[in-house]
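# Overview (structure and organization)
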Amino acid sequence: MKKKIIVLNINKSVAEIDWILPIIVELKNKYKIFTLFQSRKAYNTLRKDKVLFNIWNDISYEYNFDTIIEKAWRFVDQKIFYTLFSDKYMDFFFRYSVKNYFRRKKINFSEVEIFFSEFGTYSPHIDFIKKEKDRPIVIHFPTSAFIFPKPISGKKANYSLSGDNLIVSNDTDVGFWSKRIEKEKIKVVGAPKYDSSWLNRITNNNETKENQKKIILIAYTSRFQAEQKKNERQLNEIMQVLGQFKDYKIIFKVHPRKNHPYYLKILKDYKNLDIEISNENLLNLSKKCGVFLHDRDSSVIYEGLVFKKPSIEYWSAINISNFENAPDMFKLNVRANNPEELKKLITLAIDEPAHEIWNNQKNAFLLNCKKYGENATQHCINVIHKLLER
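None of the values given here were measured: they were computed from a predicted structure.

### Describing the overall build of the protein
Regarding its fold elements, the protein presents 16 helices and 13 strands. Relative to its length of 390 residues, the protein is compact, with a C-alpha radius of gyration of 22 Å against a globular reference of 21 Å. Per-residue burial over the protein gives 53% buried out of 390 residues. Summarising the internal contacts of the protein: among those between residues at least 6 apart in sequence, 71% fall at separations of at least 24. Total accessible area on the protein stands at roughly 19,500 Å², and carbon and sulfur atoms take up 49% of it.

### Here we look at the sheet that holds strand β6 (residues 165-168)
On the basis of which strands lie adjacent, the open sheet formed by seven strands has the order β3-β2-β1-β4-β5-β6-β7 and parallel pairing. One side of each edge strand has no neighbouring strand; the edge strands of this open sheet are β3 (60-65) and β7 (186-188). Pairs of neighbouring strands in the sheet enclose a mean axial angle of 25 degrees, with direction left out of account. Inspection of the sheet shows strand β4 (residues 112-118) paired to strand β5 (residues 137-141) by five bridges, in the parallel sense. Bridging from a neighbouring strand, Glu118 pairs with Phe141 of β5. Packing of helix α1 (residues 14-27) onto the sheet brings it into contact with β1 (4-10), β2 (31-37), β4, β5 and β6, and relative to β1 it is tilted by some 170 degrees.

### Overview of the pattern of salt bridges
Overall, the coordinates contain 18 salt bridges when judged by the stated rule. Measuring nitrogen to oxygen at the nearest pair gives 3.5 Å for the salt bridge that ties Glu132 to Lys99. One end of the pair, Glu132, is in the loop between α6 (124-130) and β5; the other, Lys99, is in helix α5 (residues 98-104), with 33 residues separating them in the sequence. The class for Lys99 is partly exposed, based on a relative accessible area of 36%. For the salt bridge of Lys213 with Asp274, the shortest nitrogen-to-oxygen distance reads 3.5 Å. Of the two residues, Lys213 is situated in the loop between α8 (196-203) and β8 (214-222) and Asp274 in the loop between α10 (262-267) and β10 (275-277); the sequence distance between them amounts to 61 residues. Owing to a relative accessible area of 36%, Lys213 belongs among the partly exposed residues under this scheme. Under the relative-accessibility criterion, Asp274 is labelled partly exposed at 28%.

### A short note on a positive patch on the surface
Together, Lys12, Lys41, Lys48, Arg257 and Lys258 give the surface a local cluster of positive charge. Contributing elements (two or more residues each) for the positive patch: α2 (40-48) and β9 (248-259). Of note, Lys12 is situated in the loop between β1 and α1. In this structure Lys12 comes out as partly exposed when scored by relative accessible area, which is 34%.

### Considering the packing of aromatic side chains
Per the stated rule, a full pass over the model turns up 27 aromatic pairs. Summarising the aromatic geometry, the rings of Tyr43 and Phe53 are spaced 6.3 Å apart at their centres and angled 75 degrees between planes, so their arrangement reads as edge-to-face. Placement of the pair is Tyr43 in helix α2 and Phe53 in helix α3 (residues 50-59), with a sequence separation of 10 residues. Exposure class is identical for Tyr43 and Phe53. Each is buried.

### Digging into unusual backbone geometry
You will see that Lys308, though not glycine, has its phi angle at about 60 degrees, which is positive. Mapped onto the fold, Lys308 is located in the loop between α12 (301-305) and β12 (311-314). Backbone geometry places Lys331, a non-glycine residue, at a positive phi of 60 degrees. Relative to the helices and strands, Lys331 resides in the loop between α13 (326-329) and β13 (335-336).

### A short note on the pairing of β6
Burial along β6 is two-sided: the residues Asn165 and Ile167 and Leu166 and Val168 are all buried. Bridge analysis of β5 against β6 gives two bridges, and the strand direction is parallel. Across the sheet, residue His140 finds its bridge partner in β6, namely Leu166. Relative to β7, β6 is paired through three bridges, and the arrangement is parallel. Residue pairing in the sheet places Val168 in a bridge with Val188 of β7.

Criteria and cut-off values
Residues numbered from 1 in each chain as written. Predicted model: local features only at pLDDT ≥ 70, side-chain atom pairs only at ≥ 80, totals over all residues. Heavy atoms only, no water. Helix = DSSP H or I, 4+ residues; strand = E, 2+ residues; numbered from the N terminus. Rg over C-alpha atoms; globule rule 2.2 N^0.38 Å. Buried < 20%, exposed > 50% of the residue type's maximum accessible area, 1.4 Å probe, protein only. Contact = heavy atoms within 4.5 Å. Areas by Shrake-Rupley, 256 points an atom, 1.4 Å probe, with all protein chains shown as cover. Pairing = 2+ DSSP bridges. Axes fitted to C-alpha atoms, helices over the stretch in contact; angles between N-to-C directions. Salt bridge = Lys/Arg side-chain N within 4 Å of Asp/Glu carboxyl O. Patch = residues over 30% accessible without salt bridge, like charges linked within 9 Å, V, L, I, M, F, W, Y side chains within 5 Å. Lys, Arg positive; Asp, Glu negative; His and termini not counted. Charge placed at Lys NZ, Arg CZ, Asp CG, Glu CD. Phe/Tyr/Trp six-rings, centres within 6.5 Å; stacked < 30°, edge-to-face > 60°.

If you want it as structure tokens, here you go:
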């Protein structure tokens, strides 16, 4: 039987592939996997993560890039030609055709059964796909395992999702996203990337060498484009604390997109410390570390907790949000509000990794973030199959 096609539309970065890759790997025997990158920058973030890149490359049938000319053509068609002609003259050379677009990318549109697109970026492809009578199902998926807060009462969403369905990681996500897509179109599937079978696959080369230094891992978001002095003070305070743990190697894993290079200038002042800036897969790093540090309003805390690592949130340089986030709501957060608290918590994590603070953190993660146990991937595939039957 001839394989149908899955088109995986990647907008920004490797984070999108990180979430959905376990599902794509399981579907590869039934489908040809075609990845459509909206920029070469997005592709390059994947290349840097050798673990994910190698897995993706093994199952990838073909990939291609959207171009500036194609983006401009779609924009002109939507803003000018559609206003003037609506759906008339669709066969004329100046009208944008999604079928012709796919053909140029070496994709037979009639063979595409699923079009995956992440939920955080508007994709104009979807509007054109939905105009076709015989078309693939369009499924939005998360950029990460981030769990969204409860929506603020009375506040309207500033955009909507036009796909057929949305898959999300947690029941809590439904309230937030139901302001952007009909509630009945939302399906909760868990976080496939946290299934043990997947974790074992992407970390199976993780061997600790003899006499290797223990690791403090810091998942860092570099926001120096705003409030530079406050961010500089925060990073210096963190480094002054970490400098007191000289027997540890400090590994920075910087956000793939929020990575303003000014932080490197600051780290040059700490040449006496064993510091590494890593492009390695975050789950790989998390498995190897002894203590995991992270900032607020991020999903990376789950990368530490899935390996039962003491995970500490360091204080924000600037107030980013005024809502209760999921780690607060689920009582996952162990927060250091200042350098003194950070030092105490790191010391506690090193000296007493089985302390009730860390045990409570781990248990809260299992209770609230592992709804489908080790079967989130299969549950998600079952959901997708049911959606295709409609």
